[in-house]
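Architecture and fold: a report
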Amino acid sequence: MSTERTIEEPSYLEYKGKYKGLFSWIFSTDHKRIALLYLFSILLFFVVGATLGVLMKFELIAPGKTIMDAQAYNAFFTLHGIVMIFAVVIPGLPAVFGNFLLPIMIGAKDVSFPKLNLMSWYLYVIGVSLVLVSQFAGQEPPDTGWTFYAPYSFRTAGNMLPAVFGAFVLGFSSILTGLNFLVTIHRMRAPGMTWLKMPLFPWTLYATGWVQLLATPIVGITLLMVVAERTLHIGFFDPTLGGDPILYQHLFWTYSHPAVYIMILPAMGAISEIISTFSHKTIFGYNFMVASTLAIAFVGYFVWGHHMFTSGMSGTALYTFSLLTFLVAIPSAIKVFNWISTMHKGSIDLQTPFFWSMAFVFLFMIGGFSGLILGSLQLMCIYITHILSFLISISLYSEEQDSPFLEQCITGIRRLPEKCTIRDGPILA
Amino acid sequence: MTTEIHRDDLASKTGMWLFLFTEMLLFGGLFIVYSVYRFRNTAAFHLAAEELSVFVGTLNTILLLISSATIAMSITAIQKHNKKLTLILLGITVILGIAFLVNKYFEWGHHIREHIYPGSPVLALRGQGDVLFYGLYFFMTGLHALHIIIGLIFICVIGQLIIKDKISHDNFVLLENSGLYWHLVDLIWIFLFPLFYLIT
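Residues numbered from 1 in each chain as written. Chains lettered and ligands numbered in written order. Predicted model: local features only at pLDDT ≥ 70, side-chain atom pairs only at ≥ 80, totals over all residues. Heavy atoms only, no water.

Let's talk about the overall build of chain B
Per the secondary structure count, chain B includes 7 helices and 0 strands. For chain B, the succession of helices and strands along the chain, N to C, is α-α-α-α-α-α-α. In chain B, buried positions account for 49% of the 200 residues. Contacts in chain B between residues far apart in sequence, at least 24 positions, make up 82% of those at least 6 positions apart. Only carbon and sulfur atoms are counted for the fraction: they give 72% of the accessible area of chain B, which is about 9400 Å². (Helix = DSSP H or I, 4+ residues; strand = E, 2+ residues; numbered from the N terminus. Buried < 20%, exposed > 50% of the residue type's maximum accessible area, 1.4 Å probe, protein only. Contact = heavy atoms within 4.5 Å. Areas by Shrake-Rupley, 256 points an atom, 1.4 Å probe, with all protein chains shown as cover.)

Structure below.
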């Protein structure tokens, strides 16, 4: 460490390493280059998912068949869901902005395991490729929706194996990113940066890392069970063999509810930074912001049942999950109060990123309040069929829109610093 | 470009422990499924478990426990600069791991010859409890065997690195991490063994 040079070093964008051109990117272990690799691959798959979404909306523009039949609609619907959830919103913030900014914000040179970081990107690309291949290889494209619900996921003629296995590989990539960030935050904070001096964006990445690490393996094994069910007819979730399809839903949502916090927590951290920066004030209630981040991640593990209110559970389980769901509102509300209090008497600089952040807070409040309505058991159960579109609009409001919103937002303010130096080791040391 | 090499053994070990956490959760999902179906099919699980050979299961448990001990000893050996002993101990670990897989092969082969395997019509006739028991048996021991194979490959790579002196008495965190992984594989078997062989 003592030999570190302070002279001007070339930007990571101009750095000339062992490889040239494209290879200097796809073989780079530099966290900033990997972040941009993620950025561009995620944007590419975002375009794929969005195109499918637009085509679905064209189909719905008039009653009856407009541009595709029902089966093709189901296939588009499924691929849109898998791509947008597993390949866009889940890695979107941690893998792009986390990779780029985490080491810089905690004063580290890179993440703890740069090679593993690059491997996560390769796994990501392999995973998405498998998902996309499932559309073209085989008899019929998958048509189960992104949730792969049993028993349909192993009864359908759709080409499920690559899609399910692709989602498994994407999960593995997500686990490794989370693991990398956790170790980085534990071991590589600059001297003097104690836990409660760490900026809020790294804090949210820390909470996200734990969610990625502790929740993703459950969906991993569940997806492997679906693969085994299709190939070997084991009977895990097949009622005709004694299995229980509801068990599949429990296992699936044990991951997939915490997954929404993988999407939203880093966004909250970034919003905290942006609002504080453009209000020219330190964040209001820093300790509470940290605590609410951890509380959301923690309580988030115990609310998966609210995805299954009408699937068949005991009354006690229903009430418990409903109560726990309401609990999430408390730390979420603390965050909104603190964002607004940060602006109070601040010297607000009305720049574009600040407008985006306002939009985030506004959308998050719509999503949060309607979440309270949906969390209440009776409303959810009685009106489930009537409010399905309501439900979908909520999830779109509070998750899928927030994250892309935010990506544009952060891209806007930070304009990813170009003066960062590169620290690039050979791939196989 | 700075040239100093960043080395942090504690970070490597923390990373390995976190990875083992995810492995435990991976198998944890299966243990939950096992518990649910055992609860629903108590009698069938009870009878099916009696058909498994406790002798082979015990033998495999002993093999894995010894192999865990030898890999732990190899970590001490390398700290004492004893490269030859380290390699011998790793070799014994690999041989024991392979012996485990050979036993497993004969065990599985025995069941398959009796037409007991997932999707078999003979098994289907025996009822849903047996289907689930053997489905879980093949899936869980199969996934475990896959972990053994990955562990053996790791240990062989580590052995190569020791021969090339890339791993030595003052830089043995890779060996330690593969030891941790091997202990995990052992530990999971310690839970699989009673669940499938002993609870009858």
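That covers the picture; the talk isn't over yet.
Focus on the confidence of the model for chain A
Predicted coordinates in regions of low pLDDT should not be interpreted in detail. Averaged over chain A, the pLDDT score is 85; the fraction of residues at 70 or greater is 86%. Throughout residues 409-429 of chain A the model reports pLDDT below 50, and contacts reaching past four residues in sequence, or to other chains, amount to 61 contacts. (pLDDT = per-residue confidence, 0-100.)

Some remarks on a nonpolar patch on the surface
All names here are of chain B. A cluster of nonpolar residues, Phe21, Met24, Leu65, Leu187, Ile190 and Phe191, forms a patch on the protein surface that exposes about 520 Å² of accessible area. Counting residues per element, the nonpolar patch draws most heavily on helix H7 (residues 173-198), at 3 residues. Here isoleucine 190 lies in helix H7. (Patch = residues over 30% accessible without salt bridge, like charges linked within 9 Å, V, L, I, M, F, W, Y side chains within 5 Å. Salt bridge = Lys/Arg side-chain N within 4 Å of Asp/Glu carboxyl O.)

What about the environment of B:Trp182?
Residues and elements named next belong to chain B. Looking at where tryptophan 182 falls in the secondary structure, it is placed in helix H7. Taking relative accessible area as the criterion, tryptophan 182 reaches 1% and is therefore assigned buried. It is 7.8 Å that separates the C-alpha atoms of tryptophan 182 and isoleucine 148, two residues lying 34 residues apart in sequence. If we ignore the near neighbours within four places in the chain, the residues touching tryptophan 182 are Leu64, Ser67, Ser68, Ile71, Thr93, Gly97, Ile148, Gly151, Leu152 and Ile155. A polar side-chain atom of tryptophan 182 sits 2.8 Å from a polar atom in the side chain of serine 67. (Polar contact = N/O pair within 3.5 Å; in protein donor to acceptor, adjacent residues only side chain to side chain.)

Quick look at the pattern of salt bridges
Between side chains of opposite charge, a pair can form as their charged atoms come close. This model, assessed by the stated rule, comprises 10 salt bridges over all chains. Its salt-bridge partner being A:Asp30, residue A:Lys32 comes within 3.3 Å of it at the nearest N-O pair. Each member of the pair A:Lys32 and A:Asp30 is classed as buried. The partner of B:Lys13 in a salt bridge is B:Glu176, with the nearest N and O atoms 3.3 Å apart. Taken together, the residues B:Lys13 in helix H1 (residues 9-40) and B:Glu176 in helix H7 connect sequence positions 163 residues apart. Residue B:Lys13 is classed as partly exposed on the basis of its relative accessible area of 25%. Classification of B:Glu176 as partly exposed rests on a relative accessible area of 22%. Taken together, the salt bridges that share partners define one network made up of B:Glu51, B:Arg126 and B:Asp130.

Quick word on the interface of chain B and chain A
Taken together, the contacts link 31 residues of chain B with 42 residues of chain A. Together chain B and chain A conceal approximately 3200 Å² of surface at their shared face, both sides included; 71% is due to carbon and sulfur atoms. At the boundary of chain B and chain A, one finds 2 salt bridges. Close ionic contact of B:Arg40 with A:Asp244 constitutes a salt bridge, the shortest N to O distance being 2.7 Å. There are 5 residue pairs in polar contact (both at pLDDT 80 or more) connecting chain B and chain A. Among the secondary structure elements, those contributing two or more residues to the side of chain B that touches chain A are H1 and helix H6 (128-163) of chain B. (Buried area = accessible area lost by both parts, 1.4 Å probe.)

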